[in-house]
Amino acid sequence: HGSIGRVATASAGIAQGNRIVDHKVRIWHISPSAGSYQAKLAHTVANDHSGPIRGIAFDPHTNHLLTCSNDATVKIRDLQGNCLTTLNYPSDGSEPMLLSLTTLRNAKVVAAAEDGHAVVWDLVHHTHRLIPHPSTVWTVLALPKGDFATACHDGYTRTFTLDATRTAPTQQIQQFQKASADSKAKSNSGPTPEEIAKLPKWEMNALTQGRSEGQVQIFNKNNKAVAAQWSDVSKTWIEVGEVMGTNQNAGQIDGVSYDHVFPIEIDVPGGGVTSLQIGYNNGENPFVVAQKFIDDHMLDQNYLSEIADYIQKRAGADGNTPTLGMTDAATAAPTPMDISTNTSTTPTYQHLPFTTYRSFENGTEPKVFNKIINKCCEFYDQETSSTSTTIT
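Read on for a plain summary of the structure.

What counts, and at which threshold
Residues numbered from 1 in each chain as written. Predicted model: local features only at pLDDT ≥ 70, side-chain atom pairs only at ≥ 80, totals over all residues. Heavy atoms only, no water. Pairing = 2+ DSSP bridges. Helix = DSSP H or I, 4+ residues; strand = E, 2+ residues; numbered from the N terminus. Axes fitted to C-alpha atoms, helices over the stretch in contact; angles between N-to-C directions. Core = buried A, V, L, I, M, F, W, Y, C linked by side-chain atoms within 4.5 Å. Buried < 20%, exposed > 50% of the residue type's maximum accessible area, 1.4 Å probe, protein only. Contact = heavy atoms within 4.5 Å.

### Details of the sheet that holds strand S14 (residues 137-142)
Here comes step 1: Ordered by their spatial adjacency, three strands build an open sheet running S14-S15-S16, and the pairing between neighbours is antiparallel. Unpaired on one side and paired on the other, S14 and strand S16 (157-160) mark the two borders of the sheet. Averaged over all pairs of adjacent strands, the angle between strand axes in this sheet comes to 20 degrees, irrespective of strand direction.
Here comes step 2: Relative to S16, strand S15 (residues 148-152) runs antiparallel, the two being bridged by four bridges. Across the sheet, residue Ala-151 finds its bridge partner in S16, namely Thr-157.

### What about the nonpolar core?
Here comes step 1: Ranked by internal contacts, the top residues of the largest apolar core, which has 22 residues, are Ile-264, Ile-278, Phe-293 and Ile-307.
Here comes step 2: Listing elements by their share of this core, those giving two or more residues are strand S22 (260-267), strand S23 (273-280), helix H3 (286-296) and helix H4 (304-315).
Here comes step 3: Top element by residues in this core is H4. It accounts for six residues.
Here comes step 4: The residues touching Phe-293, leaving out its near neighbours within four places in the chain, are Ile-264, Leu-276, Gln-277, Ile-278, Leu-299 and Ile-307.
Here comes step 5: In this structure, Leu-66, Cys-68, Val-74 and Ala-111 belong to the second largest nonpolar core, which totals 15 residues.

### Side note on unusual backbone geometry
Here comes step 1: One non-glycine residue with positive phi stands out, namely Asn-47, at about 60 degrees.
Here comes step 2: Here Asn-47 lies in the loop between strand S5 (36-46) and strand S6 (53-59).
Here comes step 3: Residue classification places Asn-47 among the partly exposed positions, given a relative accessible area of 38%.
Here comes step 4: Positive phi, close to 60 degrees, is recorded for Asn-63, a residue that is not glycine.
Here comes step 5: The class for Asn-63 is partly exposed, based on a relative accessible area of 42%.

Below, the structure is given as structure tokens:
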């Protein structure tokens, strides 16, 4: 009976060396087939974003598709997926990942940015507005009456409107603005007295063992935050200096200070996403930092180049980061990989074959090593106790 509808999908791409490639928009025609439905690929547009695609939306008022990406842009497309125009993130050179987008009536587009903003484009008047939030904005959602909602990393969902008669009380708006301003000021002014009080005491630093050469740790020394580096040779902490104002991306993870702290999303088995943070200091090798992050969180080794590329792009020239032969601007936090349209009947498995290897250049911590050994023993016991073990 012919096609009864269309579905648009977008993919994050696949890792190829040190690049993320083949991020695509696909248009499928849906038609009935033997009591079910059949999807036929009708159009494909590949790699017109310079990074993985993070969100896709349909505007019923204009019949346009829209996609947002790690490259800090939104592309407005026709129903075949072809790009009609590009909306760039309005900033002074930063290029945050755009994690989600939606469309509103009156030709407005809203996107969620990982740098802590919701951005609203007015396509009629060719204007834009940045709405600061206290932390990363993960999702935006269109609501009735032209309103929209944001989901922020601080645990709050907020609703925004253009109707002056339905705005929140003045005190509530001021609290939101103050939380956003305080968050930005905090990243520029260093730790507060309350945060300093929670730091380990400098006079007790001998009880805190460093994990690796050059590790940076923040201590409380005479009620001031001081940074110290671990020396593997002398087995002591060497004071570097007082922690003062930092760049906007600076922060701490588990009490350790970094020049840059970036959010990373990791897909988990069975669906869903877990949010992590990665710390990076100016001058460090992004591949070494990425490898340690993978080891610490027991992640798939295939994420290495994606995480390293992401660090290199986010830190930029301010971080004096070596390019390591990377010439492509594509970046990504770990995201779902592209699903092949291969229709081969050859059996496939979730875990096998494992085509990469795991290396431990400096040995491994007993905790991690024991997990590996226990998992190998567990697998061996299952295999030997059953003659019909199925690997999925």
